[in-house]
Amino acid sequence: MIDGLIGNDLVVNEDSCNLSCTYCLTGQSNLKEAHSEQLIFRPPTRDRYAPETLLGKQLPIIDRRIDSTFRVPLLKVTGGEIFLVAGVMDFLREQAAEHEVLVIQTNGVLVRDAHLEELARWGNVVLQVSLDSHLHQGNSHRVASAKLHTKVVERVEAILDSGLDVEIYGVLNDRSVGELADFAGWLADRPAPPVFFPFPVRGPDSQEFAVRPDQVHHIEEFAARYEEFASVLPPRAYLDRLVSFYRNSGRTFRCHLPRMVISTFSDGAVTPCPNIWFSNMGNLLEDDWEDTLSRVGESGLYQALLADRPRLDACKGCFTPWDTLSMYFDDEITLDELCSAPTYSPPAIRALIAESKRRYLAEEAGRR
């Protein structure tokens, strides 16, 4: 079993969202039978976090069992749309007090000013906001209505001006890629610029939305203008990897993410990778949950995910902001560069990442 994971990516009610992004990974996933029904594209269901509700009983158990086994200092909470859950601030408040960093991923539409004020008071929250462009055409795979897009951007502006640490997750697709530089410029002009992570659309149906070969020049030209947009970008090596992904028609570099982060779901399911939901390893709400977690890092799937080069088609088509962790393991960025991001900056997280790399290098040396 892997020792000392840094993070748990906790997915809450992944089938329930207030937007219907055409490329949504939940709509393409085969991890669960319910995913094949594509509930994500239907009107969202409401849920409530409270002591008497099923969600209120399950989430603390899942979090506690991961934390007691792996001591994870980083919790990422995502969905679906997390702010569809009534009472969710109670859960987030509890988790902010228990973790070094609480990362919350949202599309921003339901995030109110009162939420932002309280989140800022906690002092250890990073908001990851999904937005492909500030212009409607570039964001239209995510929001079909121009009127709704205007509301989305208004809420994102409020988030950017809140004083919280913010990361913008922008999916590169055939509609957004042409607005890449304009979007980065718009973000850079904010009083407190966020960090902007552009990354490729992915999933089994990604070719329907992917950047076309004749559009790749937009990414290459953007990378060449790195200094112009450096105030809102991750380390330059991230853009180098992004260009490599498109020039080589997919991922050719190693992924280290599963040795550091696990993905769990609010129904108790566990899967090895936060990026692509491969296989259900077991359920943390069952009596055999300890056996399930004992297999983390040990199964044949882990060997494939952590191979020297990508083996699985899903891996070959995957590149996300989590990749900065792999870049540190591959000596493409320094620990200081990695931990300049608020997600990884706390000393406890920084130390765990450095120790994880030390163990990895020792294992690699032992194989030679």
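Anything mentioned here points back to the structure above.
Residues numbered from 1 in each chain as written. Predicted model: local features only at pLDDT ≥ 70, side-chain atom pairs only at ≥ 80, totals over all residues. Heavy atoms only, no water.

**Student:** An account of the pattern of salt bridges is needed here, citing residue identities and associated values.
**Tutor:** Using the criterion set out here, one finds 22 salt bridges in the structure. With a shortest N-O distance of 2.8 Å, Arg48 and Glu52 are connected by a salt bridge. Judged by relative accessible area, Arg48 falls into the partly exposed class, the value being 42%. Note that Arg236 and Glu227 form a salt bridge whose closest N and O atoms lie 2.5 Å from each other. Within the structure, one salt-bridge network assembled from shared partners comprises Arg241, Arg251, Asp323, Asp330 and Glu332. (Salt bridge = Lys/Arg side-chain N within 4 Å of Asp/Glu carboxyl O. Buried < 20%, exposed > 50% of the residue type's maximum accessible area, 1.4 Å probe, protein only.)

**Student:** Any details on the sheet that holds strand 6 (residues 125-130)? Residues and values, ideally.
**Tutor:** In spatial order, the strands read 8-7-6-5-3-1-9-10-11; together these nine strands make up an open sheet with mixed pairing. The open sheet has two edge strands with one neighbour each: strand 8 (195-200) and strand 11 (282-283). Both strand 1 (residues 7-11) and strand 3 (residues 74-78) contribute to a ladder of five bridges, which runs parallel. Bridge pairing in strand 3 places Asp9 opposite Lys76. Contacts between helix 6 (residues 146-160) and the sheet are confined to strand 6 and strand 7 (165-172), with strand 7 contributing the most and set at about 145° to the helix. Running over the sheet, helix 10 (residues 236-247) touches strand 7 and strand 8 and is turned about 15° from strand 8. (Pairing = 2+ DSSP bridges. Helix = DSSP H or I, 4+ residues; strand = E, 2+ residues; numbered from the N terminus. Contact = heavy atoms within 4.5 Å. Axes fitted to C-alpha atoms, helices over the stretch in contact; angles between N-to-C directions.)

**Student:** Could you give me a rundown of the packing of helix 8 (residues 216-224) against helix 10, with the residues and numbers involved?
**Tutor:** To describe two helices that pack against each other, one gives the angle between their axes and the distance between the axes. At a closest axis distance of 10 Å, the pairing of helix 8 and helix 10 adopts a crossing angle of 160°. Judged by the angle between their axes, helix 8 and helix 10 are roughly antiparallel. The handedness of the crossing between helix 8 and helix 10 is left-handed. Side by side, helix 8 and helix 10 meet where Val216, Ile219, Glu220, Phe222 and Ala223 of the first sit next to Leu239, Leu242, Val243, Tyr246 and Arg247 of the second. Grouping the amino acids of the contact of helix 8 with helix 10 by side-chain chemistry returns eight nonpolar, no polar and two charged. (Parallel < 35°, antiparallel > 145°, perpendicular 65-115°, else oblique. Left-handed = near helix turned anticlockwise from the far one by under 90°. Nonpolar A, V, L, I, M, F, W, Y, C, P; charged D, E, K, R; others polar.)

**Student:** Can you break down the nonpolar core residue by residue, with the values?
**Tutor:** Ranked by size, the top nonpolar core spans 114 residues in total, and within it Ile168, Phe196, Leu325 and Tyr344 carry the most contacts. Ranked by the residues each element gives to this core, the list is headed by helix 10, at seven residues. (Core = buried A, V, L, I, M, F, W, Y, C linked by side-chain atoms within 4.5 Å.)

**Student:** I'd like a description of the pairing of strand 6, backed by residues and values.
**Tutor:** For strand 6, the buried fraction is high: six of the six residues fall into the buried class. Bridging between strand 5 (residues 101-106) and strand 6 involves five bridges; their strand directions are parallel. Note on strand 6: the bridge partner recorded for Leu102 is Val125.

**Student:** Outline helix 8, listing residues and values.
**Tutor:** Where helix 8 is concerned, the buried positions are Val216, Ile219, Phe222 and Ala223. Along helix 8, the residues classed as buried sweep out an arc of 125° about the axis, all on the same side. Against strand 7, helix 7 (180-188), strand 8, helix 9 (226-229) and helix 10 lie the buried residues of helix 8. (Arc of directions from axis to C-beta.)

These results come straight from atomic positions and should not be treated as a statement about function.
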